[in-house]
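Structural description and commentary
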Amino acid sequence: MSKLISLLERISFLKNQVLLGKKSLLDEDLESLFIEFKDLISESELETSIQIMNDGTIILEKKLEELRDFISIISQKNQILEYLKNSSSDEAFSKILNIIWQSPLLLPHFSLSFLTKSFERLVLNKKSSNLGIFFKDKPNLASPDIRELPEIDKPYKIKMFEYLNSIQPILPTTLEGLLNKNLFIDDYYKYFSYILHLLQLGYLTYNKSSKQFFFSENKNLEENNNE
Amino acid sequence: MNEYTILMYLLTRTKQIISNEKNEIIGASEEELCNHLKFTGKFAKIQLHELMDQFSKSISIFNLQLKQNPFNFRWYLTQSSEIEEFFNSNPFSGKPRIAATLCTVLSLCLTNSGKIDINSVQKIRNKKDIRNDLLELKKLNFINIEKEGNQVTINPYLGYFMDIEGFLNLLENEIRKKNLKKADE
């Protein structure tokens with residue numbers, strides 16, 4: 001592949017990324033690309049050169065557009081200052097932040113040691129590796145009742161209700177109130193799974209506006225504990 | 001490990017802050033991603049973006065999005081607003097005063113080449129003292145306060161949590177609405 005074609009591929013990729021809105025050109029170093037183009041341009045590859053010029057023009061047009069928008073924001077400085085000064089209550093800003101706030105996905109416990117531990121538990125410590133036993137019976141394709149616990153053993157259920165008993169005095173509370181971030185990783189996920197199951201079974205309810213968990217009074221805990 | 005595992009690991013990468021024992025997102029730069037994925041040469045970035053495109057489509061079913069921090073250009077993953085609401089991650093719920101101070105600092109920084117005077121924030125906020133607000137924002141790692149002098153800057157860490165483009169659009173809309181209202185009067 002000639003150097004000019006390689007340049008064409010890079011420029012047309014950049015153009016596509018920009019047109020799809022996946023890349024901003026404000027901080028893109030276009031100068032080095034154009035210098036490279038200037039050095040490579042040749043009569044023998046005129047068609048490729050024209051294609052590069054074509055894509056390059058689109059990119060330049062887009063860059064000018066972005067610059068114009070950027071300058072427009074900067075030039076609105078006085079209006080922004082006036083708006084900040086006079087127009088808005090603190091609550092209005094709070095609402096704006098609520099709309100544009102996002103949380104990055106943090107997987108602090110997605111460590112190699114955690115994965116290795118899971119791998120050992122789930123794969124290495126399996127007593128049988130004969131997968132045939134799983135396919136002896138036809139799978140039951142009926143849709144499961146979502147109010148039923150998915151295949152969990154009794155000790156899990158007992159532990160889950162013990163957990164419910166232990167958190168009852170602090171309810172209603174938020175997720176942070178239930179799950180202390182300093183918990184040991186195994187406990188954190190164990191309690192989180194209890195909460196999900198308790199929500200699914202209706203023993204806990206979640207209020208979106210107050211972001212709190214409540215105990216469902218109409219559920220009979222004693223009955224289930226003795227099942 | 002396959003390429004997606006490497007991407008997932010790098011994009012959700014955190015570093016532990018010793019002072020408050022918290023893990024903070026750092027994500028990954030394009031150079032770091034290329035190095036770990038062993039993409040080299042002139043086409044490295046193209047290969048990377050193609051892979052990120054496919055990856056982005058795959059994770060969308062989990063309500064996850066691939067994003068770039070506009071302050072330091074590092075890539076990271078965000079969760080959908082529904083999941084976020086469940087985890088109650090906005091640190092300003094119930095603290096509108098701090099939210100307003102942050103919006104003011106951010107707007108001033110964006111229109112004043114990144115660095116502003118504490119007095120200018122004070123003047124606009126029209127409050128007796130905003131130093132405590134600023135200290136709280138500094139504690140959250142969203143702003144930097146220069147030790148000497150009276151200057152405030154935005155910490156790139158804020159870019160992982162705030163949709164800056166969305167913020168500017170909302171601000172612009174609000175100003176436009178206000179101008180229209182004025183014109184009607």
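Residues numbered from 1 in each chain as written. Chains lettered and ligands numbered in written order. Predicted model: local features only at pLDDT ≥ 70, side-chain atom pairs only at ≥ 80, totals over all residues. Heavy atoms only, no water.

**Focus: unusual backbone geometry**
A negative phi angle characterises most non-glycine residues, just as the trans form characterises most peptide bonds. The omega angle of the peptide bond from Leu171 of chain A to Pro172 of chain A is 0°, so this bond is cis rather than trans. Mapped onto the elements, Pro172 of chain A comes out in the loop between helix H7 (154–167) and helix H8 (175–178). The phi angle at Asn126 of chain B is positive, at roughly 55°, despite the residue not being glycine. Secondary-structure assignment places Asn126 of chain B in the loop between helix H6 (118–125) and helix H7 (131–139). (Helix = DSSP H or I, 4+ residues; strand = E, 2+ residues; numbered from the N terminus.)

**Remarks on helix H3 (residues 44–60) of chain B**
When the terminal C-alpha atoms of H3 of chain B are compared, their 24 Å separation across 17 residues agrees well with the 24 Å that a helix rising 1.5 Å per residue should span. For H3 of chain B, the complete set of buried residues consists of Ala44, Ile46, Leu48, His49, Leu51, Met52, Phe55 and Ile59 of chain B. The secondary structure elements touched by the buried residues of H3 of chain B are helix H1 (3–19) of chain A together with helix H1 (3–11), helix H2 (30–37), strand E3 (64–68) and strand E4 (75–79) of chain B. (Expected span 1.5 Å × (residues − 1). Buried < 20%, exposed > 50% of the residue type's maximum accessible area, 1.4 Å probe, protein only. Contact = heavy atoms within 4.5 Å.)

**Some remarks on H1 of chain A**
Residues spaced three or four apart along an α-helix point in a common direction, a consequence of the helix completing one turn every 3.6 residues. All names here are of chain A. Under the 1.5 Å per step criterion, the end-to-end length of H1 is 24 Å for 17 residues, consistent within 8% with the ideal 24 Å. Among all positions in H1, only Leu4, Ser6, Leu7, Leu8, Arg10, Ile11, Phe13, Leu14, Lys15, Gln17 and Val18 are buried. One or two positions beyond H1, positive phi appears at Gly21, with a value near 75°.

**Notes on the confidence of the model for chain A**
Residues and elements named next belong to chain A. Model confidence for chain A is summarised by a mean pLDDT of 76, while 72% of its residues fall at 70 or above. Predicted confidence in chain A is weakest over helix H10 (residues 221–225), with a mean pLDDT of 53, and strongest over H1, with 88. pLDDT under 50 marks residues 131–136. Its contacts with residues more than four places away, or in other chains, come to 0 contacts. Overall, residues 144–152 carries pLDDT values under 50, and its contacts beyond four positions in sequence, including any with other chains, amount to 12 contacts. (pLDDT = per-residue confidence, 0-100.)

**Considering the packing of H1 of chain B against H2 of chain B**
All names here are of chain B. Following both chains from N to C, one finds H1 and H2 inclined at 145°, their axes separated by 10 Å at the closest point. Viewed along their axes, H1 and H2 form a crossing whose handedness is right-handed. Residue-level inspection shows Glu3, Ile6, Leu7, Leu10 and Leu11 of H1 in contact with H2, the latter providing Glu32, Leu33, His36 and Leu37. For the contact of H1 with H2, the residue count by class is 6 nonpolar, 1 polar and 2 charged. (Axes fitted to C-alpha atoms, helices over the stretch in contact; angles between N-to-C directions. Left-handed = near helix turned anticlockwise from the far one by under 90°. Nonpolar A, V, L, I, M, F, W, Y, C, P; charged D, E, K, R; others polar.)

**With respect to the interface of chain A and chain B**
Taken residue by residue, the interface counts 48 residues in chain A and 63 residues in chain B. For chain A, the biggest contributors to the area lost against chain B are Trp101, Gln102 and Leu105 of chain A; these three give 16% of the whole. Asp90 of chain A is paired through a salt bridge with Arg125 of chain B; the nearest N and O atoms lie 3.1 Å apart. At the boundary of chain A with chain B, the tally comes to 10 residue pairs in polar contact (both at pLDDT 80 or more). Of all elements in the fold, only H1, helix H3 (46–75), helix H4 (77–87), helix H5 (90–100), H8 and helix H9 (185–201) of chain A reach the threshold of two or more residues within the side of chain A that touches chain B. Across the side of chain A that touches chain B, the residue classes break down as 25 nonpolar, 9 polar and 14 charged. (Buried area = accessible area lost by both parts, 1.4 Å probe. Salt bridge = Lys/Arg side-chain N within 4 Å of Asp/Glu carboxyl O. Polar contact = N/O pair within 3.5 Å; in protein donor to acceptor, adjacent residues only side chain to side chain.)

**Observations concerning the sheet that holds strand E7 (residues 151–154) of chain B**
Residue and element names in this part refer to chain B. Strand order in the open sheet made by the 3 strands is E5-E7-E6, with antiparallel pairing throughout. Bordering the open sheet on either side are strand E5 (115–117) and strand E6 (143–145), each of which pairs with just one other strand. Averaged over all pairs of adjacent strands, the angle between strand axes in this sheet comes to 30°, irrespective of strand direction. In this sheet, E7 lies alongside E6 in antiparallel orientation, the contact comprising 3 bridges. (Pairing = 2+ DSSP bridges.)

**Topic: the side chain of Thr12 of chain B**
You can see Thr12 of chain B is positioned in the loop between H1 and strand E1 (14–17). A distance of 2.7 Å separates a polar atom in the side chain of Thr12 of chain B from the backbone oxygen of Met8 of chain B. If we skip the residues at most four places from it in the chain, Thr12 of chain B touches Leu105 and Leu107 of chain A together with Ile25 and Leu77 of chain B.

**Observations concerning the nonpolar core**
Leu102 and Met162 of chain B are the most contacted members of the largest nonpolar core, which totals 42 residues. Put simply, the parts of the chain that give this core at least two residues each are H4 and H5 of chain A together with helix H5 (96–111), H6, H7, E6, E7 and helix H8 (164–184) of chain B. Examining the composition of this core, we find that 9 residues originate from one element, H5 of chain B, more than from any other. With residues near it in sequence (within four places) discarded, Met162 of chain B still touches Leu97, Ile100, Trp101 and Gln102 of chain A together with Leu102, Leu106 and Phe167 of chain B. Counting 21 residues, the second largest nonpolar core, distinct from the first, contains Ile6, Leu33, Phe39 and Phe55 of chain B. (Core = buried A, V, L, I, M, F, W, Y, C linked by side-chain atoms within 4.5 Å.)

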